[in-house]
Amino acid sequence: MFDADVASKGLGIELVSAADGAAVARMRVTAAMLNGHAIGHGGFVFLLADTAFALACNSHGPVTVAAGGEISFLRPVREGDLLEARATERTRYGRSGIYDVTVWRDDEVVAEFRGRSRTLASRAEPG
């Protein structure tokens, strides 16, 4: 799945690991990711967390998509920061799941994300 993820790769997101409902992804904040306050735009932090979430919920095999997600921004990020998103499966039930993702800068938590997943019945099912 990650090999075909043009959006994540275009931002320089790298896959560190993904297996058994967990995943780790990294991204360096670039000048193009800054908002008008010269801090990292939250949408890019969300995208990194969402990518780790997608990697974790698809690590089981069946095609799984986001049913929803929310994020809390705890600290600003700056140009040059290397962010690491660590996703963990909290629960899976039927075709649904809940995943938590913590976004780190070194030893500081910069954001917390919770995603809800839905496994598709088949590849032909609309997303």
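Just so it is clear, the structure is predicted and the values come from calculations on it, not from any experiment. For every chain, the first residue of the written sequence is number 1, and numbering continues from 1 onward in sequence order. Thresholds applied to this predicted model are a pLDDT of at least 70 for local features of residues and 80 or more for the giving and counting of side-chain atom pairs; totals over whole chains, interfaces and linings are not thresholded and use all residues. Hydrogens are left out, water is left out, and the side-chain values use all remaining heavy atoms of the structure.

**What about the sheet that holds strand S4 (residues 82-93)?**
DSSP bridges decide pairing: two strands pair if at least two such bridges lie between them. Where helices and strands are cited, they refer to DSSP runs of H or I of at least four residues and of E of at least two residues respectively, numbered from the N terminus. In spatial order, the strands read S1-S2-S4-S5-S6-S3; together these six strands make up an open sheet with antiparallel pairing. Every other strand in the sheet has two partners, leaving strand S1 (14-19) and strand S3 (64-73) as the edge strands with one partner each. Shown here is a sheet whose adjacent strand axes are inclined to one another by a mean of 20°, direction ignored. Examined bridge by bridge, S1 and strand S2 (residues 22-28) share five bridges and lie antiparallel to one another. When the bridges of S2 are listed, Leu15 appears paired with Ala25. The contact definition used throughout considers only heavy atoms, calling two residues in contact when any of these lie within 4.5 Å. Simply put, an axis is a line fit to the C-alpha atoms, just over the touching stretch for a helix, and the angle between two N-to-C directions goes from 0 to 180 degrees. Of the strands in this sheet, S1, S2, S3, S4, strand S5 (96-105) and strand S6 (108-119) touch helix H2 (residues 42-57), which is tilted by about 150° from S2.

**Brief notes about the environment of Phe46**
Locating Phe46 in the fold gives a position in helix H2. Summary of the burial criterion: residues with accessible area below 20% of their type's maximum are buried, those above 50% are exposed, and those between are partly exposed, where the area comes from a 1.4 Å probe applied to protein chains only. A residue is classified by how much of its surface remains accessible, and Phe46, at 28% relative accessible area, is partly exposed. C-alpha of Phe46 to C-alpha of Phe73: the two residues are 27 residues apart in sequence and 9.1 Å apart in space. Residues within four places of Phe46 in sequence aside, it is in contact with Gly69, Glu70, Ile71 and Phe113.

**Digging into the nonpolar core**
We call a set of buried residues a nonpolar core when its members are Ala, Val, Leu, Ile, Met, Phe, Trp, Tyr or Cys and they connect through side-chain atoms within 4.5 Å of each other. Residues Val45, Leu48, Leu83, Val101 and Val103 are the most contacted members of the largest nonpolar core, which totals 26 residues. When residues of this core are traced back to their parent elements, those giving at least two are S2, H2, S4, S5 and S6. When residues in this core are grouped by element, the largest group, eight residues, is from H2. Excluding its chain neighbours within four sequence positions, the residues that come into contact with Val45 are Ile71, Phe73, Val77, Leu83, Val103 and Ala111.

**Section: H2**
Under the 1.5 Å per step criterion, the end-to-end length of H2 is 22 Å for 16 residues, consistent within 8% with the ideal 22 Å. Within H2, the full set of buried residues consists of Val45, Leu48, Ala49, Thr51, Ala52, Phe53, Leu55, Ala56 and Cys57. Each residue after the first adds 1.5 Å to the expected span of a helix.

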